[in-house]
Amino acid sequence: MLTIGIIGKTNTGKTTLFNAATLLNAKISNFPFTTKEPNVGTAYVCDICVCKELGVKDNPLNSTCIDGWRYVPIRLIDVPGLVKDAWMGKGLGNQFLSIIGQADALIHVVDASGSIDAEGKITQPGSGNPVQDAIDVEMEINLWLADIISRNSQFIIREASASSLAEALSKALSGVKASPLQTLQALEKSGLKDIPFDKWNEKQILKFAAFLLPIIKPTLIIANKMDILTSEHYMPLLTEYYGRSLVAACSAEAELVLRRAEKMGLLQYTPVQEKFKVKNNAQLTAKQQAALDYIEKRVMQKWISTGIQQALNTVAFKLLKSNMVYPVSDESKYMDHHGNVLPDVHLMPDGSTPLDLARTVHTRLVENYILAIDAKTGIRLPKDYTLRHKDVIKIMTRPVAKQPK
Ligand SMILES: Nc1nc2c(ncn2[C@@H]2O[C@H](COP(=O)(O)OP(=O)(O)O)[C@@H](O)[C@H]2O)c(=O)[nH]1
Ligand SMILES: [Mg+2]
């Protein structure tokens, strides 16, 4: 399952974002992932479901469809505040850095209102330095990656002589899921490709780590606390440093308030909606009314939405380029064997083929794979076909002979 780690300094709003994003009122029957760990939860990414374009009423099983939007579960991990020198084992140190290793992508929460100091303590809004905060956190992760490389230098030298430096680095960094293709990209981008590894100094190792990080962990900067006026000053600085496409203006607190109010039955609000509607004003306490007025004025009117659901979608669909793919066993009715219409949807990594989809659904499908059919057109797909967003795919398999009793 797609896993997103939430990182950032203390008090930037990581736990608020985690709580908001994992609060969706969604019922999923055969949901494959449950956990008791407090900092691991289920959030959703969503896009318009194919049920509308196909003109069918669906019965989702591994996901859910709300008002024609298909919500697909992802795993969200709240990584506790990264303190300075975490890479040397300070604070929870390596323990939570290794959580980052498991993630496919990161959400990096920054207090865009400048309400925290360099140590992450709450201070006067506007007095912090959000861009420096983001750089500090990235530096901790880069130092940690560099440390893994340094500690494995003998191994890397040995492996590199047997295969290639990219392969050797990938093996040393398998704990952070760095593929040989990714380490090769980082070698090329950092200009270190043609320098023998045993000649690399500490600075060059760190440079390699800095180029590798955004490749192995695509990261969206969450410019949080946009409801606080001082964020208007820092937002342009963050977009200037990271580029507009990698910064999302958000208010995690506003999203949490809205989702809680929705859960209590006070509002109509689904995360992709850019509006909320109070069901009955007389039900609200003065405090609740004031909170909603604040959100309407400071968040919705200014930024259109709280930004949280869009941020999760951006990570899945833009940064990771995942595609929603619907496997079916009856390609004319878009059903599974039990008559459920469009029961499942899988988030397939960019470049996946129908055989990769088969592998995701069931190993039996891979073993007996014959071919795949595009259910929308009925056309047989070539073996090297790359799956596209919102494909509906039937996988044809060889009939399996019954085992003699
Ligand atoms: N004004 C405002 N405050 C927020 C927002 N998100 C979080 N906070 C507040 O920031 C403080 C730290 O939040 P928390 O989620 O515990 O931060 P963490 O240490 O990064 O997990 C809390 O007082 C939150 O209520 C936001 O969008 N706007
Ligand atoms: Mg927290």
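Note that this is a predicted model, so its numbers are computed, not measured. (Residues numbered from 1 in each chain as written. Chains lettered and ligands numbered in written order. Predicted model: local features only at pLDDT ≥ 70, side-chain atom pairs only at ≥ 80, totals over all residues. Heavy atoms only, no water.)

A look at the site of ligand 1
Stated formally: The near set for a molecule or strand comprises every residue that places at least one heavy atom within 4 Å of it. Side-chain atoms alone can form a polar contact between residues adjacent in sequence; in general such a contact is a pair of N or O atoms within 3.5 Å, and within protein one must be able to donate a hydrogen while the other accepts it. For accessible areas, the Shrake-Rupley method is used with a probe of radius 1.4 Å. Any residue's cover is judged against the shown protein chains and nothing else. The numbering of helices and of strands both runs from the N terminus, where a helix is a DSSP run of H or I of at least 4 residues and a strand a run of E of at least 2.
Taken together, 15 residues surround ligand 1, and among them Asn 11, Lys 14, Thr 16, Asp 227 and Glu 253 come closest. In the environment of ligand 1, an oxygen atom lies 2.7 Å from a nitrogen or oxygen atom belonging to the backbone of Asn 11. Thr 15 places a polar side-chain atom, nitrogen or oxygen, 2.9 Å from an oxygen atom of ligand 1. Protein burial of ligand 1: of its 580 Å² of free accessible surface, 74% is covered by the chains. Elements supplying a minimum of two residues to the shell around ligand 1: α1 (14-21) and α10 (252-263).

Regarding α10
Applied cut-off: A helix is expected to span 1.5 Å multiplied by its residue count minus one. Whether two residues are in contact is decided by their heavy atoms: any pair within 4.5 Å suffices.
The terminal C-alpha atoms of α10, which comprises 12 residues, lie 16 Å apart, in line with the 16 Å expected from a rise of 1.5 Å per residue. Summarising the contacts, the buried residues of α10 are in contact with α1, β6 (219-224), β8 (267-268), α11 (286-303) and α12 (308-319). A positive backbone phi angle near 85 degrees is found at Gly 265, which sits one or two residues after α10.

As for the domain arrangement of the chain
Much of the literature gives interface size as the accessible area that the parts lose upon coming together. Worth spelling out the cut-off: Delimitation of the domains relies on an automatic or database domain assignment. Put simply, buried area is how much 1.4 Å-probe accessible surface two parts lose in total, over both of them, once they are put together. Salt bridge, as applied in this entry: a Lys or Arg side-chain nitrogen positioned within 4 Å of an Asp or Glu carboxyl oxygen. Note on residue classes: Ala, Val, Leu, Ile, Met, Phe, Trp, Tyr, Cys and Pro are nonpolar, Asp, Glu, Lys and Arg are charged, and everything else, Gly too, is polar.
Domain annotation of the chain identifies domain 1 (1-149 + 212-320) and domain 2 (330-397). Between domain 1 and domain 2, the C-alpha centre-to-centre distance is 31 Å. If you look at the interface, domain 1 gives 21 residues, while domain 2 gives 16 residues. Between domain 1 and domain 2, a total of about 1,500 Å² is buried, with carbon and sulfur atoms accounting for 63% of that surface. A per-residue breakdown of the area domain 1 buries against domain 2 is headed by Leu 54, Asn 59 and Asn 62, which together make up 30% of the total. Notably, a salt bridge pairs Lys 376 with Glu 53, separated by 3.2 Å at the nearest N-O pair. The tally of links between domain 1 and domain 2 comes to 8 residue pairs in polar contact (both at pLDDT 80 or more). At the level of elements, β2 (40-48), α2 (50-54) and β4 (69-78) are the ones that each hand at least two residues to the side of domain 1 that touches domain 2. For the side of domain 1 that touches domain 2, the element with the most residues is α2, which contributes 4 residues. For the side of domain 1 that touches domain 2, the class distribution of residues is 13 nonpolar, 3 polar and 5 charged.

Description of the sheet that holds strand β13 (residues 379-381)
What counts, and what does not: For two strands to be treated as a pair, DSSP must find at least two bridges joining them. The axes used here are C-alpha line fits, helices contributing only the stretch in contact, and every angle between their N-to-C directions lies in the interval 0 to 180 degrees.
Here we have 5 strands laid out as an open sheet, ordered β11-β10-β14-β12-β13, and mixed in their pairing. Edge strands, defined here as strands with exactly one partner in the open sheet, are β11 (346-348) and β13. Adjacent strand axes in the sheet meet at a mean angle of 40 degrees, parallel and antiparallel pairs treated alike. One ladder, built from 3 bridges, connects strand β12 (residues 369-374) with β13; its direction is antiparallel. Looking across to β13, one finds that Asp 374 is bridged to Ile 379. Sheet strands in contact with helix α13 (residues 354-361) are β10 (323-328), β11, β12 and β14 (391-397), and its direction is about 135 degrees off that of β11.

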